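Coordinates in review
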Amino acid sequence: MIMSRPVPRPGVLDIDAYVPGKAGAPGAGRVFKLSANESPLGPSPRAVQALRDMAHEIAIYPEGSSHKLRETVGAVNGLDPARIIMGAGSDNILELLALAYLAPGDEAIYTQYGFLEYRIVTLAAGGVPVVAPETHYTADVDAILERVTARTRIVFLANPNNPTGSYLPRGEIERLANSLPPHVLLVLDAAYAEYVVNDDYESGVALATSRDNVVMTRTFSKIYGLAGLRLGWGYGPSHVIDALNRIRSPFNVSTAASAAGIASAQDVAHMQAAVAHNAKWLPWLTREIEALGLEVLPSVANFVAIRFPTQPGRAAADADRFLTSRGLVLRAIGAYGMGEFLRLTVGLDEANVAVVAALADFMEDRKAAANG
Ligand SMILES: *Cc1c(COP(=O)(O)O)cnc(C)c1O
């Protein structure tokens, strides 16, 4: 076929570009951005200082293997630094995994409400996305296993998942890993691992240590408050880390991200403060919002998905407009097939209280409108 202009390879134009949550609320006074699961406590002050201290070094290329950062992350998490790879966000690691393990036509499985990035990286690599249905907005191990074929190369699983906040306990993750054929790579995306306080949760460290076909990804974007710098990592068997290192760009992690990452990883107290803040406000928000007559999906992460009624005037889109006018920016998740929901990130005390008050007014308004 003769083409009149360059054409991307198959799959690329099937991708709907990722649409990030809104950042602003034009016209509203004070704005609380509760749309991207960023840390309300911000970065560690030590990370900010580390950035200031390295500012004069930015003319120099980074040390390409992120050696010092891997040593630090390894020490803090009790992991072998040789089995860690750093990336420009964990998105970068997900991309590398798809690129390294999917040939055109190979299948990657992810779940119905799974993080949308899996679809993007699969199609971008020429792979075929295969969606496994969920049960009660939670991944279903049997549904995943039923979709494994001879062409399956990767299973992507966010645990906990964004945007639902649900998770699979250790036993289910182990059952999944034990039941997959050895040639299928299980990618456990543990972007919210630090927030989970449940005893039966395991981030993937144990499986990625002991098995040949399990990788865990982690990020500095969420609890560490470094989303703007783009820093994440992967941990897994040496043969997988070796493959990824061959295809990553040689300087994929900036000197700035490295410096801030090292300081953040060492500031355990700051991280623990974020865990404590979340452990206090996540149940409070869930309770208060449920008390308004709205369904809240049980979440173990730093956000909740709130279901709104379908009647016009009371729907998620109406609530979104109402909240935005008050400077409360939540995340519409229609792109996930969850158009009845808005996702709310746990914010600072003031923001959390303001959201509940605004939702109470929204529900009250609607009731008054319905009765009058
Ligand atoms: C936010 C998020 C990430 C992190 O992405 P980065 O590229 O590290 O910022 C990864 N997976 C899930 C499920 C997320 O919600």
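Looking at an unreviewed UniProt entry, the protein chain carries the name Histidinol-phosphate aminotransferase, with the source organism given as Methylocystis echinoides. UniProt's Pathway (unreviewed entry) comment on the protein chain is quoted here verbatim: "Amino-acid biosynthesis; L-histidine biosynthesis; L-histidine from 5-phospho-alpha-D-ribose 1-diphosphate: step 7/9." Listed in UniProt under the heading Catalytic activity (unreviewed entry), the comment for the protein chain reads: "L-histidinol phosphate + 2-oxoglutarate = 3-(imidazol-4-yl)-2-oxopropyl phosphate + L-glutamate".

**What about the site of the ligand?**
Around the ligand, the structure places 13 residues, and the nearest of them are Asp189, Thr219, Ser221, Lys222 and Arg230. At 2.7 Å from an oxygen atom of the ligand is found a main-chain nitrogen or oxygen belonging to Ser90. Lys222 places a side-chain nitrogen or oxygen 3.2 Å from an oxygen atom of the ligand. Compared with its free state, where it exposes 390 Å², the ligand has 94% of that area covered by protein. The cavity that encloses the ligand is the largest pocket. Per-class residue counts for the shell around the ligand are four nonpolar, five polar and four charged.

**Side note on the UniProt feature "domain: Aminotransferase class I/classII large" (unreviewed entry) in the protein chain**
Mapped onto the present numbering, the UniProt feature "domain: Aminotransferase class I/classII large" (unreviewed entry) falls at residues 31–357. Helix makes up 39% of residues 31–357 and strand makes up 18%, while its end C-alpha atoms are separated by 15 Å.

**Some words on unusual backbone geometry**
Cis geometry is adopted by the peptide bond preceding Pro160, which originates at Asn159 and carries an omega value of 0°. Relative to the helices and strands, Pro160 is located in the loop between β5 (152–158) and α6 (170–179). For the peptide bond that leads from Asn162 to Pro163, omega is 15°, which places it in the cis range. Along the chain, Pro163 falls in the loop between β5 and α6.

Quick notes on the rules
- Residues numbered from 1 in each chain as written.
- Predicted model: local features only at pLDDT ≥ 70, side-chain atom pairs only at ≥ 80, totals over all residues.
- Heavy atoms only, no water.
- UniProt positions renumbered as here; feature names shortened; annotations may be inferred.
- Near = heavy atom within 4 Å.
- Polar contact = N/O pair within 3.5 Å; in protein donor to acceptor, adjacent residues only side chain to side chain.
- Areas by Shrake-Rupley, 256 points an atom, 1.4 Å probe, with all protein chains shown as cover.
- 1 Å grid on protein atoms, 1.4 Å probe; cavity = no way out; pocket = protein on both sides within 12 Å on 5 of 7 lines; lining within 4 Å.
- Sits in = over half its atoms within 2 Å of the grid points.
- Nonpolar A, V, L, I, M, F, W, Y, C, P; charged D, E, K, R; others polar.
- Helix = DSSP H or I, 4+ residues; strand = E, 2+ residues; numbered from the N terminus.

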